[in-house]
Amino acid sequence: MQQQVYHSRDIQAWEQRWFGKQNSSYGLMQQVAWSIAQRLIPLLEQQQLTQIAVCCGQGNNAGDGYLVGKYLKQVGFEIDIYTAEPGPSQDLAQAIGEAQQIGIPTYSGFNFQKQYEVYIDALFGIGLNRDLNENWQQIIQSINAQQGLKIAVDIPSGLHANTGQSLPVAIKADHSFNVLGLKAGLFTGRGKEYAGKVEVISVIPPDAELVPIAQLSSTQIHLPKREAFGHKGSYGHVLVIGGHADMGGAVIMAAEAAFAAGAGKVTVVCDAKHHTAILSRAPNIMLRDINALDAEQRQALVRHVDAVCFGMGLGRDAWAEKQYNYWFDLIQQSELETVLDADALWFLAKAPQNLNAHTYATPHPGEAATLLEMKASGVEADRIQTIKQLQQKYQGQWVLKGSGSLILEDDLYICTAGNAGMGTGGMGDVLAGMIASLKAQFRNTIHLHEIVTLHALAGDVLAEKGERGLQAQDMKHAIYQVVNH
């Protein structure tokens, strides 16, 4: 079962409902801090880390920090607390009192007295939704500059809990102990850069009113074993359409990815000047000259395939627009599993139409911005809202690529696999080929989020010896591994 991800306001409302049942807010703070301490003790003992600075802000998140410090002090760790001027919270005042009773040294401000082995971040909680002032930015940058393990209580301070954007700086944590439930901002946008390893501190039972906004896509994906009597016609025929005279590489990578993911047959329709190069790399790919096809031949091709990926290397000139118009309506009126990528999305933005339910659109943030007539910075400012707007405007199913790719089918999923090395040309073409291939083979028995995750896992296989310098054309070998895992 996928892990549930929540919006911060829903977590806060859930917490208030818990208090409304006469449960103690301070008791919850104690439970949270105790649970975090119990997770930290074996982690720190294993690495023989004993000297700890706890950095506390002004609200209840700071109270968690004081109590974590207290519980660690009680089992023998050396604790110093650095603090801002505390706010008026009674729970925070009580936590401060408990820390003072056992003699934990407390320093006003964040001028560290020595170098510590561990820094616990309890500056801000999930309520932070504004840019930090210069003073807080300097404090966070100072903590980030320290050598030592960084531990975030709930979320890294300075990270927006729901969008994954920094405000404009955030603690770069090695571990984040998420209180009550997972927050979306830890897994998409810049969140992966700051969150480190994420663990949930579940201390109260979910109630009926708590509804997740997304799920984390599982990385445990098992494709059915092939039957002994299967043949190439059993495993789907993928049609790849694109390949402007000036851009042949994209269709090659999409087609090779489709074969690597298990398609029985792959046909590429592109400018004939690329045919020799394609055959020299993959002689199993069938080829048609996009310029030599008339309407009847296009219709015949569509009738004899199971899935199509359209737009890779198509171009944006008058020739490309003519080809887009030839193919788009034909594909949309069919029952084909359809992937729209790259230049097909650019033409869709120029002439918006509703997509059918078995069309999968895969924009990166720049393409999403074009589709919604906004700036790419606006896309990244709230990726979840963006993908919802895309589906609302165009229908269909969507992948918003990037760090923590989002997948919107019937529900919203977040992909947690993948790595920064995948930020290179051609990776999107590979994904398009994989989606077409696996949908051709399995249709509704495989989910879009599972295919996106398999693509990301292949990227992780490719990055096992390092992320820098990954090449999309090498993904076919990694795809072969993950689909046979």
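Scoring rules and cut-offs
- Residues numbered from 1 in each chain as written.
- Predicted model: local features only at pLDDT ≥ 70, side-chain atom pairs only at ≥ 80, totals over all residues.
- Heavy atoms only, no water.
- UniProt positions renumbered as here; feature names shortened; annotations may be inferred.
- 1 Å grid on protein atoms, 1.4 Å probe; cavity = no way out; pocket = protein on both sides within 12 Å on 5 of 7 lines; lining within 4 Å.
- Helix = DSSP H or I, 4+ residues; strand = E, 2+ residues; numbered from the N terminus.
- Buried < 20%, exposed > 50% of the residue type's maximum accessible area, 1.4 Å probe, protein only.
- Contact = heavy atoms within 4.5 Å.
- Expected span 1.5 Å × (residues − 1).
- Arc of directions from axis to C-beta.
- Polar contact = N/O pair within 3.5 Å; in protein donor to acceptor, adjacent residues only side chain to side chain.
- Points joined across faces, edges and corners; volume = space filled by probe spheres on them.
- Nonpolar A, V, L, I, M, F, W, Y, C, P; charged D, E, K, R; others polar.
- Domains from an automatic or database assignment.

Undergrad: Explain the UniProt feature "binding site: (6S)-NADPHX" (unreviewed entry) in the protein to me, using residue names and the numbers behind them.
TA: Here, the residues flagged by UniProt with the feature "binding site: (6S)-NADPHX" (unreviewed entry) are Ala250, Gly313, His364 and Asp429. The annotated residues named above include His364 and Asp429 as those lining the largest pocket. Within the secondary structure, Gly313 sits in the loop between β14 (307-312) and α10 (318-332). Take Gly313: its relative accessible area is 9%, and that puts it in the buried class. Not counting the four nearest positions on each side in its chain, Gly313 is found in contact with Gly242, Gly243, His244, Met247, Ala250 and Asp343. Its location among the elements puts Asp429 in helix α15 (residues 427-442). The class for Asp429 is buried, based on a relative accessible area of 12%. Excluding anything up to four places from it in sequence, Asp429 contacts Ala250, Met253, Ala254, Met312 and Asp341.

Undergrad: Talk me through helix α4 (residues 90-101); I want residue IDs and the actual numbers.
TA: Its twelve residues place the ends of α4 17 Å apart at the C-alpha level, agreeing with the 16 Å of an ideal helix rising 1.5 Å per residue. Along α4, the residues classified as buried are Asp91, Leu92, Ala95, Ile96, Glu98 and Ala99. Taken down its axis, α4 places every buried residue within 160° of arc, on the same side. Seen from the buried face of α4, the exposed residues on the opposite side, beyond 90 degrees, are Gln90, Gln100 and Gln101. Those residues of α4 that are buried lie in contact with α2 (25-46), α3 (60-74) and β3 (78-83). Of the residues flanking the start of α4, the one acting as N-cap is Ser89, its side-chain oxygen 3.3 Å from the backbone nitrogen of Asp91.

Undergrad: Which residues make up the layout of surface pockets, and what values go with them?
TA: The volume enclosed by the largest pocket comes to roughly 700 Å³. Gly402, Ser403, Asn419, Met422 and Gly423 are, among the 33 residues lining the largest pocket, the residues nearest its centre. When contributions to the lining of the largest pocket are tallied by element, the ones reaching two or more residues are α6 (191-195), α12 (365-372), α15 and α16 (448-462). The greatest single-element share of the lining of the largest pocket, amounting to four residues, is contributed by α15. Looking at the lining of the largest pocket residue by residue, the class counts come to eleven nonpolar, 14 polar and eight charged. Among the domains, domain 1 (4-213) and domain 2 (237-483) are the pair contributing at least three residues each to the lining of the largest pocket.

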